[in-house]
Structure formats: C-alpha cells, structure tokens
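# Summary of structural features
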Amino acid sequence: MSVLLAEMTREQIRAAAPNSIAVLPTASIEQHGPHMAVITDTLLCGTVAQQSAEKAAGRANILIAPVLCFGNSHHHRPFPGVLSLASPNYMAAVTDVLEGLMLSGFRKLIILNGHGGNTDSNAVVALDFVNRLDNPVTVATAPYWEIARPTIVEKGIMEGALIPGHAGRFETSMVMALRPDLVDADALAKVEDASAKSGGIFGRLVGGMVQTHGTWAVSDGHSDNPALASADEGRALLDVITDQVAEFFVTFDKNSQ
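## Focus: the nonpolar core
Core analysis: the biggest nonpolar cluster contains 42 residues, and Ile62, Leu112, Tyr144, Ile152, Phe170 and Ile241 have the highest contact counts within it. Where this core is concerned, the elements lending two or more residues are strand 1 (21-26), helix 2 (40-56), strand 2 (62-64), strand 3 (108-113), strand 4 (138-143), helix 5 (144-154), helix 6 (169-178) and helix 9 (231-255). Broken down by element, the residue count for this core peaks at 9 residues, all from helix 9. Those residues within four positions of Phe170 in sequence are excluded, and the remaining contacts are Tyr144, Trp145, Ile152, Met158, Leu162, Ile163, Pro164, Leu237 and Ile241. Listed in part, the 23 residues of the second largest apolar core include Val125, Ala126, Phe129 and Val137.

## Points about the sheet that holds strand 2
Strand order in the open sheet formed by 4 strands is 2-1-3-4, and the pairing between neighbours is parallel. Each end of this open sheet is capped by a strand with a single partner; those strands are strand 2 and strand 4. Mean inter-strand twist for the sheet, computed between neighbouring axes without regard to direction, equals 25°. Judged from the 3 bridges that link them, strand 1 and strand 2 form a sheet pairing that is parallel. Opposite Ala22, over in strand 2, you have Leu63 as the bridge partner. Helix 2 rests against strand 1, strand 2 and strand 3 of the sheet, and its axis sits at about 160° to strand 2.

## Thoughts on the pairing of strand 4
Pairing analysis gives 6 bridges linking strand 3 to strand 4, with the strands arranged parallel. Paired with Leu109 across the two strands is Val139, which belongs to strand 4. The handedness of the strand 3 to strand 4 crossover, carried by helix 4 (residues 119-132), is right-handed.

## What about the packing of aromatic side chains?
Counted by the stated rule, this structure contains 1 aromatic pair. Ring centres of Tyr144 and Trp145 lie 5.2 Å apart, and the angle between their planes is 80°; on these two criteria the pair is classed as edge-to-face.

## With respect to the environment of Leu127
By the secondary structure assignment, Leu127 is in helix 4. Taking the C-alpha atoms as reference, Leu127 lies 8.4 Å from Val139; in sequence the two are 12 residues apart.

## Focus: the environment of Gly105
Checked against the element boundaries, Gly105 lands in the loop between helix 3 (87-103) and strand 3. Taking C-alpha positions, Gly105 is 9.8 Å from Ala22, a pair spaced 83 residues apart along the chain. With sequence-adjacent residues up to four places away left out, Gly105 is seen in contact with Ala17 and Pro18.

Cut-offs applied
Residues numbered from 1 in each chain as written. Predicted model: local features only at pLDDT ≥ 70, side-chain atom pairs only at ≥ 80, totals over all residues. Heavy atoms only, no water. Core = buried A, V, L, I, M, F, W, Y, C linked by side-chain atoms within 4.5 Å. Buried < 20%, exposed > 50% of the residue type's maximum accessible area, 1.4 Å probe, protein only. Helix = DSSP H or I, 4+ residues; strand = E, 2+ residues; numbered from the N terminus. Contact = heavy atoms within 4.5 Å. Pairing = 2+ DSSP bridges. Axes fitted to C-alpha atoms, helices over the stretch in contact; angles between N-to-C directions. Right-handed = clockwise from strand over helix to strand, strands pointing away. Phe/Tyr/Trp six-rings, centres within 6.5 Å; stacked < 30°, edge-to-face > 60°.

Keep in mind that these numbers describe shape and distance, not what the molecule does.
The structure is reproduced here in structure tokens:
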C-alpha cells in the first residue's frame, strides 16, 4: 500500500488510521535566490517525508498527508513569487488539517517542517491542539534538518552552520540531486558568496533570534555560497536525512500513547 494518504480511499484510511501515524509536511512557496524554483521547500519536505516513511515501513505504519505548500513567508516578500499566509492564517490552516486527520481516526500526528518560518508556529499549534483545545491525540513537531543535523555533521558531509541556510549550499545540493531542471545553471554561476551577509539575514544571537527590519530587502535572497553545491552532496544529504527522519518516525511510534 502507498504511504501517501492522498492515494487512499476513505475506507482504506478509516481502517489504517487507528494504528498509523499521520505526517503533515509543512513547507512554502517562496523565492529561493535567483537560481532556484519557488517550490524548493515543498519539493524537499515532501520528498523527505515520503522517502522516510518508506524506509520506516515494517517498523511503523506511516501515512503522509499532502504537503501544506503555503507557509509563513512574509519576510521574503521583498521578492516576487512569495505566496505566503499571515501567521494567524497559517496556524489556523495547520490546526484545521490536524483536526481533519484526527476526525479521520488518527491519534498520532507529526508535523514535519520544511520551511524555517513555520517552525515556531507549528510548535504553538501542537501545544494548543493537545492542551488548550483538548484533543485526544499525541503530536510531535520538528524541522527535518534539525532531526538530521547531528548526523550530517558527524559524518562530515556539511558543517552545521550551513544547515539549513536559505537557497544556499544545503538546499541547492538537494534540489540538484532531485530535480536539476529546477536549478538555473546560468544564474547559479553568477551568484555571490553571501556567507558574510547571512548572519544579518537570519539575525542569529547566542540563545535567540533577532528580527531586523529591512535585512531581507537588501540581501540577495540566499545564504552562504550556493555555487559550492553539488548533486553528489545532495544525494549524501538526502540519504542521511531520510534515514534519521525514518528513525524519528519509529521512535515516536514506540514512545507515544
């Protein structure tokens, strides 16, 4: 049977839901520098979710809901191609989808995130869904890169500071591995190394994050140096990421009620 919820009938879902984990991938449609398609986050998160579920098969029953492709991306609006939901609307959408999964019979839910702007909102939705709204479910939330970061670094594939970046070496490598046609080679050859600027874009502070008005508008829309990306590196990243996310799924299944 497919791990994709959208390919199942209602009766197949009814039968599977009580003993399965439903995974909601959350992503975005937003600019990814001058060299990558706006579907990047949706492509990567959907791929990671599906391949991880397939790797977990036989150890846990995982069903992947369709990717919520519209995310919380207002910070990218200085650029074209950004189809963003405002924070309250995004959180309402995630809540409604979780409710639909719960009403379908699922009691174990995972929000697997593929866009940094969704991370905090996903955590608040899960907190409220279980506690304030008193729904009888167990919910886990995580960005896929945080699940895999320690192993990626340990294996020497990529240094932690580049993970996930934005339209930088990390994401560009994986898109080159999956859909090289979605990477504009001519534009990639012309990108500037934005490593020195990335701290300003992301506003990192030890123990916290800083939001400064105007930083994205004066940026090139990407972090670090995407020109260093390669398809081979992307395949290595995806292999580690899907292994680690599969283990996350299995561990959640074993440890949740």
